[in-house]
Structures are given as C-alpha cells and as structure tokens.
Amino acid sequence: MKKKTLLVMAALAAANVLSGCAITGNAADLIVAGTAGQEAEGGPGVTAVETEDVSEEAVAEESEAVEAETATEKTGSLTTNGGAVINLSDLAWRTDSADAPTVYYISDITPEALVAVYGALGWTPTGNVAVKLSTGEPPASNYLRPELIADLVHQVNGTIVECNTAYGGSRAETAMHYQVAEDHGFTSIANVQIQDENGSMTLPVEGGTQLTENYVGAAFGDYDSYVVLSHFKGHAMAGFGGAIKNISIGLGSSEGKCWIHTGGTSRTSFMGGSQDDFLEAMGDAGKSVSDYLGYGERIVYVNVMNRLSIDCDCDGNPAEPDMHDIGILASTDPVAVDQACIDLVWVSEGNESFVNRVQDRNGIHTLENAEAIGLGSRSYQLVDISE
C-alpha cells in the first residue's frame with residue numbers, strides 16, 4: 001500500500017545531526033507523517049511525492065550515511081603540494097583537543113609560503129637570532145635552497161648556524177664546512193657560523209632516558225632565539241630526520257654527535273651503542289636545547305616536506321624520492337611537528353620506501369621517547385592556512 005510521504009531524507013538527516021540524537025522507530029514515522037501533513041496544508045517549500053513506506057532500517061541507514069558525511073566535512077581535508085587530498089581524520093595523532101599544540105600547514109613550497117607559515121605561529125624572536133639548518137653534503141644532497149629560505153632569514157635578521165659532522169665528508173673540518181656553506185649559497189644571503197669551530201658547550205639534560213648532559217657548539221649560547229628550519233626526509237640511521245634531529249644531532253658539536261649516536265658512551269666515535277639508545281639520546285639532547293631556551297619559549301620549528309628522499313641531507317648522493325612534495329609545517333612543539341609530518345607520510349601515495357626506512361630503524365621510538373621525557377606532544381591540532 002502506498003501513502004503520501006515527504007522526500008526529506010537530507011533534511012531529516014541534517015536535523016538528526018544538529019539535534020545530536022538518533023531518529024528511529026516511531027519518531028521517524030511521526031516526522032514523515034507530520035511533514036506530509038504540512039504539505040497537504042500548503043506548507044511553504046514542501047513537495048509531496050508518492051513513495052513506499054519508509055522503514056526504520058532505511059531511515060537509520062540514511063541517517064548514519066549523512067552523519068558520516070557530515071563528520072568528514074567537519075574534520076575536513078587538506079590538499080598537498082603534489083595535489084593529493086588527505087582527510088584530516090586519517091592523520092593518526094591529529095586531535096580537536098584545545099590542549100594539544102598547534103601545527104600550521106601550507107601546501108605551497110615557496111619563499112612567501114615559508115614566511116606565511118612561520119608568521120602563523122605568532123612568535124617574535126628576541127635578541128640575537130640563529131637560524132639552524134643543514135648546509136647539505138656535496139655534491140647533490142637535498143638541503144633547503146637559499147632562494148627558498150632567504151626571505152625568512154632576512155625577516156628575523158638571523159645568522160645561519162651549523163656544526164661540524166662526526167663522520168668525515170666535506171663538512172667535518174671548519175674551513176671546509178665554511179666553503180660548503182659558500183658553495184651552496186648560504187653566505188650570499190646571511191652571515192654563517194659553524195658553532196663548534198671553537199669546541200663544545202655543555203648543557204644539562206633534565207629527566208633524560210640516556211643522557212645527563214649534552215654537548216653543543218661553543219657558540220650555541222651566543223644566540224637568544226632559534227628558528228629551526230628542517231628539511232623533513234628519511235635518514236639512514238634514525239629512520240627520519242626533522243625538528244628533533246635538527247636540534248639534537250644538528251646542534252651537537254662534533255663530539256656531541258658522537259655522544260648522541262652512542263647513547264652517551266663515547267665522545268670520539270659515533271659507532272657503538274644500541275639503536276634505541278641512539279634514538280632516545282636524540283630526544284634527551286633536544287630537550288636540553290629546548291630547556292636552555294626558556295623551556296621552549298625561545299625556539300620554533302619549521303619543517304619543509306619536499307624532496308622526500310629516504311636519505312638525509314648528510315648524504316651527498318641520496319636516493320631519488322618516491323613521493324610527491326607535501327608542503328610546509330610549523331609549530332612551537334618539535335614532537336608535534338615531526339609527528340604531523342610522519343602522519344602525512346603514512347597516508348600518502350608512494351610512501352612504501354619511506355615507511356620501510358622509518359620502521360626498519362624503529363624511528364617512531366624517537367617520538368615515543370621525546371614525548372615521554374616532556375620534550376613535546378605527539379598529539380596536535382592541525383590548522384591549514386593554504387589559500
């Protein structure tokens with residue numbers, strides 16, 4: 001038997017979502033009957049159609065489908081630099097909690113975008129400003145190009161800072177390292193300082209898992225504020241490299257790098273020590289840096305997700321990326337910004353080699369330990385400022 005009903009499933013589902021309660025059973029029948037009555041009396045904007053009786057199951061299924069669609073709209077999505085669309089709900093550690101630190105995202109990878117995502121932080125450096133980055137190992141590493149970062153470096157009136165390596169190569173000795181900085185174009189946009197050219201400075205580690213002290217370049221303390229520019233990528237030893245690696249291994253003097261790599265057992269060789277000891281020591285060292293800088297008040301982090309090779313910028317001949325570029329992320333929390341990058345990699349096409357590299361090196365343990373010792377939070381809010 002047919003009866004006159006109102007075809008208002010979208011409106012019914014919308015009302016269901018807005019009211020926050022399920023509409024099933026007799027309540028659904030009453031709504032249908034009531035709206036049909038409105039139509040019969042000439043209610044505005046209502047069109048009657050002949051259809052079959054609406055079952056409770058059909059109403060429930062339609063309501064659930066629209067609720068799911070509405071939930072997706074609420075959480076939203078972002079578009080990567082490579083054009084992929086990623087649902088925010090697929091990012092494992094993203095949250096809507098107001099207590100979580102904010103990570104800002106922009107899809108463009110341009111000088112203007114870099115300045116914009118940094119500006120979203122609402123952070124103003126004080127005193128002498130250092131811009132920490134990797135100068136990149138010759139001849140073909142994926143370091144952040146001077147033309148990309150120059151505007152931001154100028155805006156903060158920063159000095160580009162680095163430390164010597166502990167594994168040989170073209171940046172193990174200060175004079176050679178300065179030459180690489182010049183060859184790669186960094187000295188043409190700002191002053192550059194190799195912070196450990198005169199040795200090390202010791203920082204205490206409070207509450208670390210492996211370390212009780214950390215060795216950074218002797219000139220580390222000459223700067224009041226730090227902007228940490230990291231090229232997010234894979235890494236042959238750590239699994240991945242981002243903000244945490246940049247403030248630990250990156251800011252470590254040559255002996256400090258050995259100290260971290262060996263989990264605090266050697267300052268002369270980077271070989272030895274277990275993998276997890278190394279990963280934990282990175283977080284410990286990073287915490288000493290953050291604590292020194294006003295417990296995180298005078299340091300911020302920008303991760304650029306381009307040229308997503310499985311190899312670090314310390315590799316002069318890295319593997320070609322299998323993934324498309326994603327964008328730029330910024331936060332006042334190094335753990336949050338690295339976790340957001342990992343989450344984006346995990347849901348991106350062509351990620352197999354990158355994911356395998358991270359998992360093979362147990363790289364996620366860096367984030368686990370860093371959160372456990374209080375360096376930052378793996379949970380984060382994500383704000384897309386892309387136009």
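Just so we're clear, the structure is a prediction, and the values are computed from it rather than from any experiment. (Residues numbered from 1 in each chain as written. Predicted model: local features only at pLDDT ≥ 70, side-chain atom pairs only at ≥ 80, totals over all residues. Heavy atoms only, no water.)

1. Let's talk about the packing of helix α10 (residues 334-346) against helix α11 (residues 352-360)
Any two packed helices are characterised by the angle at which their axes cross and by the distance between the axes. Spelled out, the test is: For helices, the fitted axis covers only the stretch in contact; all axes are lines through C-alpha atoms, and the angles between them, taken along N-to-C directions, range from 0 to 180 degrees. Secondary structure is summarised from DSSP: a helix means a run of H or I of at least four residues, a strand means a run of E of at least two, and numbering begins at the N terminus for each. Any angle from 65 to 115 degrees is called roughly perpendicular, while one under 35 is roughly parallel, one over 145 is roughly antiparallel, and all others are oblique. Two helices that cross are described as forming a left-handed crossing if the nearer one is turned anticlockwise from the farther one by less than a right angle, and a right-handed crossing if clockwise. We call two residues in contact when some of their heavy atoms are within 4.5 Å.
Two numbers describe how α10 lies on α11: the axes approach to 9 Å, and their chain directions differ by 130°. Taken together, the axes of α10 and α11 are oblique relative to one another. Both α10 and α11 take part in a crossing whose hand is left-handed. Between α10 and α11, the residues in contact are I342, V345 and W346 and F354, V355, V358 and Q359, respectively.

2. A look at the pairing of strand β10 (residues 213-217)
Our working rule: Working definition: with a 1.4 Å probe on protein chains only, accessible area under 20% of the residue-type maximum means buried, over 50% means exposed, and in between means partly exposed. Paired strands, as defined in this entry, are two strands with at least two bridges between them according to DSSP.
Taken across its 5 residues, β10 has 4 buried, putting it largely inside the fold. For strand β9 (residues 200-204) and β10, the ladder comprises 5 bridges, and the chain directions are antiparallel. Looking at β10, one finds that P204 is bridged to E213.

3. Things to note about the environment of H154
In this fold, H154 is placed in helix α5 (residues 146-155). Here H154 falls in the partly exposed class, since its relative accessible area comes to 48%.

4. Details of the state of the cysteines
Think of a disulfide as a covalent bridge from one cysteine sulfur atom to another cysteine sulfur atom. Filter applied, for reference: Note on disulfides: each one is a pair of cysteine sulfur atoms within 2.5 Å.
Tallying each qualifying case throughout the model produces 0 disulfides. With no disulfide partner, C314 has as its closest neighbouring cysteine sulfur the one in C312, 3.2 Å distant.

5. Let's talk about the environment of Y105
Positionally, Y105 belongs in strand β5 (residues 102-106). Residue classification places Y105 among the buried residues on the basis of a relative accessible area of 0%. Along the backbone, Y105 and I328 are 223 residues apart, and their C-alpha atoms lie at a distance of 5.8 Å.

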